[in-house]
Amino acid sequence: MMSLPEDIGGYFRFEGVIKDIRPQGEGLINDTYFVETEGNSPNYILQCKNKAIFKDVPAMMENIYKVSSHLKKKIEEKGGDPLRETLTIIPSVDGKLYYQDEDVEYWAACLFIDNTTSYQCADSPHLAFSGGKGIGRFQSMLSDMEEPLSDILPGFHNMEFRLRQWDEVLSKDPVGRKALVSQEISWIESRREEMLSLWDKFKSGEIPQRVTHNDTKINNILFDDKGEVLCVIDLDTVLNSMCLNDYGDAIRSYTNAGKEDDKILDNVYMKMDIFKAYTEGYLSEAISFLTQSEIENLAFSAKYITYEQVLRFLMDFIDGDNYYKVKNKTHNLVRAHAQYKLLLSMEENFSDMYAFVKEFVNNNKI
Ligand code: ADP
Ligand code: GN1
Ligand code: MG
């Protein structure tokens with residue numbers, strides 16, 4: 001029988017007595033729990049990491065440790081609170097960054113940062129501005145980190161890799177769903193070359209490699225009670241990649257007027273005011289380190305990551321739902337449709353998005 005989270009709490013260096021452990025958040029990959037303790041002891045987050053996806057959890061935890069240690073130093077230098085402004089890993093009782101249970105499942109824990117909110121959507125430009133500033137600052141604080149990170153998710157936002165995976169799944173068609181989605185397949189095929197062109201720029205070195213988060217949707221950030229970003233969380237995907245991934249994924253998440261899996265496609269479109277606010281917040285921090293070629297491709301990165309997300313949801317549907325958690329048999333297809341609607345909206349707004357970035361940069365050159 002699988003271990004229950006309540007059996008696992010005792011294997012971590014938690015202070016105090018555990019009162020309750022209950023599910024937390026809306027992640028699509030890991031099983032995440034809130035660990036409440038008695039009295040004034042700190043609370044914690046406990047996670048069972050998805051080992052089918054994270055094939056080397058010890059290396060992933062090492063990456064998270066390196067990144068959060070680097071951030072802690074920077075936060076201290078700025079007079080901030082390193083226990084609230086970045087993640088603090090709680091080691092297992094035997095001093096490891098994780099605990100492996102009898103079923104060879106990997107568990108990890110971190111300090112719960114209280115008096116914060118994580119949102120599922122950006123309902124105000126202020127929140128979007130603050131989120132953009134938070135990711136800009138995150139990337140900026142990591143821009144001088146020299147220690148290499150393990151490539152624990154090979155090909156994560158690499159379009160060549162994604163399209164190779166796509167071609168393989170389509171040729172296998174393991175559960176016979178391909179025939180149901182011929183129109184959707186054409187959405188991917190018709191944009192193949194356009195999307196590969198951005199990855200080519202990264203491959204050639206025109207776009208530099210940096211330390212990046214790679215999963216910057218809005219619920220992976222904690223805001224304080226004034227709606228300012230306090231802490232970037234969910235560091236499972238920190239990697240050396242393009243910083244455009246982080247900007248693009250955030251635009252995909254923040255600007256969507258609907259839900260990621262909205263069934264009502266009329267709800268789904270890109271909110272331009274949120275786009276502008278996020279971009280201003282992000283660039284207010286990132287303009288100091290971004291290269292010309294990164295700036296030139298910012299607006300495109302939103303389409304790139306949203307296209308990749310259509311591809312990933314659709315590919316998982318065709319593959320028989322092996323990657324993302326689903327609530328029913330069509331959930332991945334519904335997600336793909338909603339993300340495609342968002343992509344169409346970005347395509348309609350693209351010239352304005354591009355012009356806005358250009359103008360902001362011209363007016364704020366340092
Ligand atoms: P998942 O991999 O399941 O997405 P996350 O690390 O994103 O897991 O956590 C899920 C949710 O739990 C977050 O959206 C946030 O609400 C909450 N959370 C995670 N870590 C912390 C933390 N250290 N402090 C406070 N809340 C947290
Ligand atoms: C997954 O773990 P979570 O729910 O924060 C996924 C992201 C997707 C996102 C879509 C490791 O993120 O890449 O953009 O779902 N994470 C992984 O909601 O694949
Ligand atoms: Mg998350």
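Residues numbered from 1 in each chain as written. Chains lettered and ligands numbered in written order. Predicted model: local features only at pLDDT ≥ 70, side-chain atom pairs only at ≥ 80, totals over all residues. Heavy atoms only, no water.

Q: Explain the overall build of the protein chain here, please?
A: When helices and strands are tallied, the protein chain shows 10 helices and 10 strands. Radius of gyration (C-alpha) of the protein chain: 20 Å, near the 21 Å computed for a compact globule of 366 residues. Over its C-alpha atoms, taken along the principal directions, the protein chain stretches across nearly 55 × 55 × 40 Å. Within the protein chain, buried positions represent 56% of all 366 residues. Looking at the protein chain alone, contacts between residues at least 24 apart form 74% of all its contacts between residues at least 6 apart. When the accessible surface of the protein chain is totalled, it reaches about 16,200 Å², and 49% of it is carbon and sulfur. Of the side chains in the protein chain, 41 bear a positive and 60 a negative charge, and the two mean positions are spaced by 2 Å. (Helix = DSSP H or I, 4+ residues; strand = E, 2+ residues; numbered from the N terminus. Rg over C-alpha atoms; globule rule 2.2 N^0.38 Å. Buried < 20%, exposed > 50% of the residue type's maximum accessible area, 1.4 Å probe, protein only. Contact = heavy atoms within 4.5 Å. Areas by Shrake-Rupley, 256 points an atom, 1.4 Å probe, with all protein chains shown as cover. Lys, Arg positive; Asp, Glu negative; His and termini not counted. Charge placed at Lys NZ, Arg CZ, Asp CG, Glu CD.)

Q: Which parts of the structure should I look at to understand the domain arrangement of the protein chain?
A: One frequent convention defines the size of an interface as the accessible area lost when the parts assemble. Considered domain by domain, the protein chain is made up of domain 1 (5-111) and domain 2 (125-363). The C-alpha-based centres of domain 1 and domain 2 are spaced at 26 Å. Between domain 1 and domain 2, roughly 2,500 Å² of surface is buried when both sides are summed, and carbon and sulfur atoms account for 64% of that area. By the criterion of area lost to domain 2, the three top residues of domain 1 are Leu28, Asn63 and Val67, representing 25% of everything that side buries. (Domains from an automatic or database assignment. Buried area = accessible area lost by both parts, 1.4 Å probe.)

Q: I would appreciate a short explanation of the state of the cysteines in the present structure.
A: Between two cysteines, a covalent bond joining their sulfur atoms is known as a disulfide. Applying the stated criterion across every chain, the model contains zero disulfides. Just so you know, cysteine 48 is unpaired, no disulfide at all, and the nearest cysteine sulfur is the one on cysteine 110, 14 Å from it. Between cysteine 243, a free cysteine, and cysteine 231, which holds the nearest cysteine sulfur, the sulfur-to-sulfur gap is 20 Å. Classification of cysteine 243 as buried rests on a relative accessible area of 1%. (Disulfide = S-S within 2.5 Å.)

Q: What's the story with the site of ligand 2 in this structure? I'm lost.
A: Close contacts around ligand 2 come from 16 residues, with Leu28, Lys217, Gln309, Arg312 and Tyr323 the closest. The side chain of glutamate 260 places a nitrogen or oxygen atom 2.8 Å from an oxygen atom of ligand 2. Arginine 312 places a polar side-chain atom, nitrogen or oxygen, 2.8 Å from an oxygen atom of ligand 2. For ligand 2, whose accessible area on its own is 440 Å², the fraction buried by protein is 98%. Among the residues making up the shell around ligand 2, the classes are represented as six nonpolar, four polar and six charged. For the shell around ligand 2, the two domains that each supply at least three residues are domain 1 (5-111) and domain 2 (125-363). (Near = heavy atom within 4 Å. Polar contact = N/O pair within 3.5 Å; in protein donor to acceptor, adjacent residues only side chain to side chain. Nonpolar A, V, L, I, M, F, W, Y, C, P; charged D, E, K, R; others polar.)

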